[in-house]
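# Fold and geometry: a report
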Amino acid sequence: MSCHDCNPTGLSYIAGPAGPAGPQGPQGEPGASGASVYIGKTLYVSTLGDDATAVPYSVGAHYRTITAAKTAAASGDVVVVFPDVYAESGLQKDGIKYYFMPGASVNTSATIFDITTETMIIDGHGDFITSSGSVVANSGGTIQIAAKSMSSTSNASAAVYTTGGTTTVNLQ
């Protein structure tokens, strides 16, 4: 059998039978308990990213700020926030879901999620700290939040302030 198109040397060869399979490799480490995997419409935020060059739904082109990812996100999208400290507020947007990786923290001087009519889910292991305002202020929307911690260091504000709507909190 000769293949001059795929074998420029013009030498003939005949494939022999396949050899036996090698030994199985070592088993990998188990994943984090209860970890979520987001596939598809996911935007990524890391302090190594760049808002000007970020590409929606690209694992390799992260946003630098949560605000820029929120602005680019559409209803049904997930915004994954990598570990670091972010000084941002006003992160509410109808129909999006946030996932905060362990070590991700929002530390600001204003209300972080000011829910009026929005429906949102905040999931993961984030730390949310505000020195003025609330972590969540809900006056008529629906928010589910799972976080490592939430606190307001202001004597005038609670971490969660609800005057309407539905608020569900699960501190892990």
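My aim in this report is to walk through the structure given alongside it, one point at a time. Residue positions are given per chain, counting from 1 as you read along its sequence in written order. Predicted model: local features are reported for residues with pLDDT of at least 70 only, side-chain atom pairs are reported and counted for 80 or more only, and whole-chain, interface and lining totals are derived from all residues. Side-chain metrics rest on all non-hydrogen atoms present in the structure, leaving aside hydrogens and water.

### Things to note about the pattern of salt bridges
We define a salt bridge as a side-chain nitrogen of Lys or Arg found within 4 Å of a carboxyl oxygen belonging to Asp or Glu. Taken as a whole, this structure holds 1 salt bridge when the rule is applied. Here Asp 123 makes a salt bridge to Lys 97, at a shortest N to O gap of 3.8 Å. Pair noted here: Asp 123 is in strand β7 (residues 119-124) and Lys 97 is in strand β4 (residues 97-100), with a separation of 26 residues, a long-range link. Residue Lys 97 is classed as partly exposed on the basis of its relative accessible area, which comes to 22%. Each helix corresponds to a stretch of at least 4 residues labelled H or I by DSSP, and each strand to a stretch of at least 2 residues labelled E; elements are numbered beginning at the N terminus. Each residue is assigned to one of three classes by its accessible area relative to the maximum for its type, calculated with a 1.4 Å probe on protein chains only: buried under 20%, partly exposed between the two thresholds, exposed over 50%.

### Thoughts on the pairing of strand β1 (residues 42-45)
A two-sided burial pattern is seen for β1, the buried positions comprising Thr 42 and Tyr 44 on one face and Leu 43 and Val 45 on the other. Pairing between β1 and strand β2 (residues 78-81): 4 bridges, direction parallel. Bridge pairing in β2 places Thr 42 opposite Val 78. As a crossover connection, the stretch from β1 through helix α1 (residues 66-72) into β2 is right-handed. Paired strands are those between which DSSP finds at least two bridges. Crossover handedness is defined here as right-handed if the route from the first strand over the helix to the second strand goes clockwise, with the strands pointing away from the viewer.

### Observations regarding the environment of Leu 43
Mapped onto the elements, Leu 43 comes out in strand β1. The exposure class assigned to Leu 43 is buried, which follows from its relative accessible area of 0%. Expressed as a C-alpha distance, the spacing of Leu 43 and Val 59, which sit 16 residues apart in the sequence, is 7.7 Å. Here Leu 43 is in contact with Pro 56, Tyr 57, Tyr 63, Ala 69, Ala 72, Ala 73, Asp 77, Val 78, Val 79 and Val 80, once residues within four sequence places are set aside. Whether two residues touch is decided by their heavy atoms; if any such pair falls within 4.5 Å, the residues are in contact.

### Considerations on the nonpolar core
By size, the foremost hydrophobic cluster in this structure holds 30 residues, and its most contacted members are Tyr 98, Phe 100, Phe 113 and Phe 128. For this core, the secondary-structure elements that each account for two or more residues are β1, α1, β2, β4, β5 (104-108), β6 (113-115), β7 and β9 (136-147). Looking at this core, the element that brings in the most residues is β9, giving 4 residues. With residues near it in sequence (within four places) discarded, Phe 100 still touches Ile 66, Val 81, Val 106, Phe 113, Ile 122, Asp 123, Gly 124, His 125, Gly 126 and Phe 128. Nine residue types can take part in a nonpolar core, namely buried Ala, Val, Leu, Ile, Met, Phe, Trp, Tyr and Cys, and a core is a set of them joined through side-chain atoms within 4.5 Å.

### So, the packing of aromatic side chains
Pairing of aromatic rings covers Phe, Tyr and Trp, the last counted by its six-membered ring, and requires centre-to-centre distances within 6.5 Å; plane angles under 30 degrees mean stacked, over 60 mean edge-to-face, and any other angle means tilted. Going through the model one piece at a time under the given rule, you end up with 5 aromatic pairs. Look at Phe 113 and Phe 128: their rings are 5.8 Å apart centre to centre, the planes differ by 70 degrees, and that puts the pair in the edge-to-face class. Note that Phe 113 is positioned in strand β6 and Phe 128 in strand β8 (residues 127-130), a separation of 15 residues in sequence. Residue classification places Phe 113 among the buried positions, given a relative accessible area of 0%.

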